[in-house]
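Each chain, written out:
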Amino acid sequence: MMRKAAAGDREAAAKCIRTFQPSVYTYILRMSGRPDVAEDIVQEAFVRVLTNLHRFDDRYRFSTWLFTIARRLYVNACQKMKPRYDTSIVDGWGAKPMPPEASIDDGDAMSHARSSLNRVLQELPATQREVIVLFHQLDWPIALIAEHLGMPEGTVKSHLHRGRKKLRDLLEASEKDIAQVEDVWA
C-alpha cells in the first residue's frame, strides 16, 4: 500500500489515511488533551508522511514512522503552547458503545470512570502518560514503544510501572474518583 501511495496512487494514500488516522488522532488527543491541537497535528503528520513517502524505509513498520512524525510535531506544539484538557471531548472519542443489555446506570458509571481516569492521566508526567496510552490504549508491545521513544525496554517498563502506580495513587487520593472507577471494575 505504501509503495502504491509513494508512486502516486491516490486510493492507496486515502486508504493509508483511513487506516491510521483514528489511532493517531486518539494518541495525540490523549497526549495533548486538546482536540484542536490533535486535529492540527494529525493533519500536519499526514501531509508530511504523504509528501515524504519516498523516504520511508519499508524494512520498518509504517505505523512507527507515522507515530514518530506525529510525536515530534506534538513536542514542537508543546513548546509553543501549554496543553489543557477537556474531558467531555475525550470521553466520547473512541468510546465503545454499551451493549443493548446494559442499563443506563452502567453507561453513566462507565462515563464517570472514564472521566476520572482521563483527568488523572493528565496529571502524569508526559513520558509516563505516553507509555501508558501507547501500551493500554493502542496495545503496542513494550519493544515497539521502546523503539518509538528511543529508550531501552527496561526504561519503558519502569515508566509503565511508575505511571500505573501514580494513576492508582491519584485515583485513591480522591474518594469520588476511586469510587467511580471501582464501580466499573467491580
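Residues numbered from 1 in each chain as written. Predicted model: local features only at pLDDT ≥ 70, side-chain atom pairs only at ≥ 80, totals over all residues. Heavy atoms only, no water.

Asks: Looking at this model, I keep getting lost on the overall build of the protein chain. Mind explaining?
Replies: Looking only at helices and strands, the protein chain features 10 helices and 0 strands. Looking at the protein chain residue by residue over its 186 residues, the buried ones come to 39%. Counted over contacts in the protein chain with a minimum sequence separation of 6, partners at least 24 positions apart contribute 67%. (Helix = DSSP H or I, 4+ residues; strand = E, 2+ residues; numbered from the N terminus. Buried < 20%, exposed > 50% of the residue type's maximum accessible area, 1.4 Å probe, protein only. Contact = heavy atoms within 4.5 Å.)

Asks: Please explain the packing of helix α2 (residues 10-32) against helix α7 (residues 126-137) as it appears in this structure.
Replies: When two helices pack together, you describe them by how their axes are tilted relative to each other and by the distance separating the axes. Axis separation between α2 and α7 bottoms out at 10 Å; the angle between their running directions is 150 degrees. Classified by the angle between their axes, α2 and α7 sit roughly antiparallel to one another. Taken as a pair, α2 and α7 cross one another with a handedness that is right-handed. The segment α2 lies against α7, with T26, Y27, R30 and M31 engaging A126, R129, E130, V133, L134 and Q137. (Axes fitted to C-alpha atoms, helices over the stretch in contact; angles between N-to-C directions. Parallel < 35°, antiparallel > 145°, perpendicular 65-115°, else oblique. Left-handed = near helix turned anticlockwise from the far one by under 90°.)

Asks: Looking at this structure, how should I read the pattern of salt bridges?
Replies: Once the charged atoms of two side chains with opposite charge are near each other, the side chains can pair. Counting across every chain of the model gives 7 salt bridges. Its salt-bridge partner being E123, residue R119 comes within 2.8 Å of it at the nearest N-O pair. Judged by relative accessible area, which is 40%, E123 ranks as partly exposed. (Salt bridge = Lys/Arg side-chain N within 4 Å of Asp/Glu carboxyl O.)

Asks: Looking at this model, I keep getting lost on helix α8 (residues 142-149). Mind explaining?
Replies: Side chains that are three or four residues apart share a direction in an α-helix, a result of its 3.6 residues per turn. Most of α8 sits out of view: 6 of its 8 residues are buried. All of the buried residues along α8 are I142, L144, I145, A146, H148 and L149. G150 sits one or two positions beyond α8 and adopts a positive phi of about 70 degrees.

Asks: What is the right way to read the packing of aromatic side chains from this model?
Replies: Aromatic ring pairs are described here by two measures, namely the spacing of the ring centres and the angle between the planes. For the structure shown, the criterion picks out 6 aromatic pairs. Relative to W65, the ring of F56 has its centre 5.2 Å away and its plane inclined at 40 degrees; by these criteria the two rings are tilted. Take F56: its relative accessible area is 15%, and that puts it in the buried class. Residue W65 is classed as partly exposed on the basis of its relative accessible area of 21%. An aromatic cluster of three or more residues is present, and its members are F20, F56, F62 and W65. (Phe/Tyr/Trp six-rings, centres within 6.5 Å; stacked < 30°, edge-to-face > 60°.)

Asks: Help me out: how do you make sense of the nonpolar core in this one?
Replies: Taken as a class, soluble globular proteins show a tendency for nonpolar side chains to be buried jointly. Core analysis: the biggest nonpolar cluster contains 48 residues, and V24, Y27, I28, F62 and L66 have the highest contact counts within it. Broken down by secondary-structure element, the contributors of at least two residues to this core are α1 (2-6), α2, α3 (35-51), α4 (62-80), α6 (104-121), α7, α8 and α9 (153-173). The element best represented in this core is α2, accounting for 10 residues. Setting aside chain neighbours within four positions, we find I28 in contact with G33, A38, I41, A70 and Y74. (Core = buried A, V, L, I, M, F, W, Y, C linked by side-chain atoms within 4.5 Å.)

Asks: Please clarify how α9 should be interpreted in this entry.
Replies: In this model, α9 (21 residues) spans 30 Å end to end at C-alpha, consistent with the 30 Å of a helix rising 1.5 Å per residue. Residues of α9 that are buried: V156, H159, L160, G163, L167, L170 and L171. Seen along its axis, α9 keeps its buried residues to an arc of 100 degrees; they face one direction. Opposite its buried face, α9 presents the exposed residues H161 and A173, each directed more than 90 degrees away. (Expected span 1.5 Å × (residues − 1). Arc of directions from axis to C-beta.)

Asks: Explanation requested: the confidence of the model for the protein chain in the structure shown.
Replies: Note: predicted coordinates in regions of low pLDDT should not be interpreted at a detailed level. Averaged over every residue, the pLDDT of the protein chain is 79; the share at 70 or more is 77%. Within the model, the stretch residues 83-96 combines pLDDT values under 50 with 28 contacts to residues more than four positions away or in other chains. (pLDDT = per-residue confidence, 0-100.)

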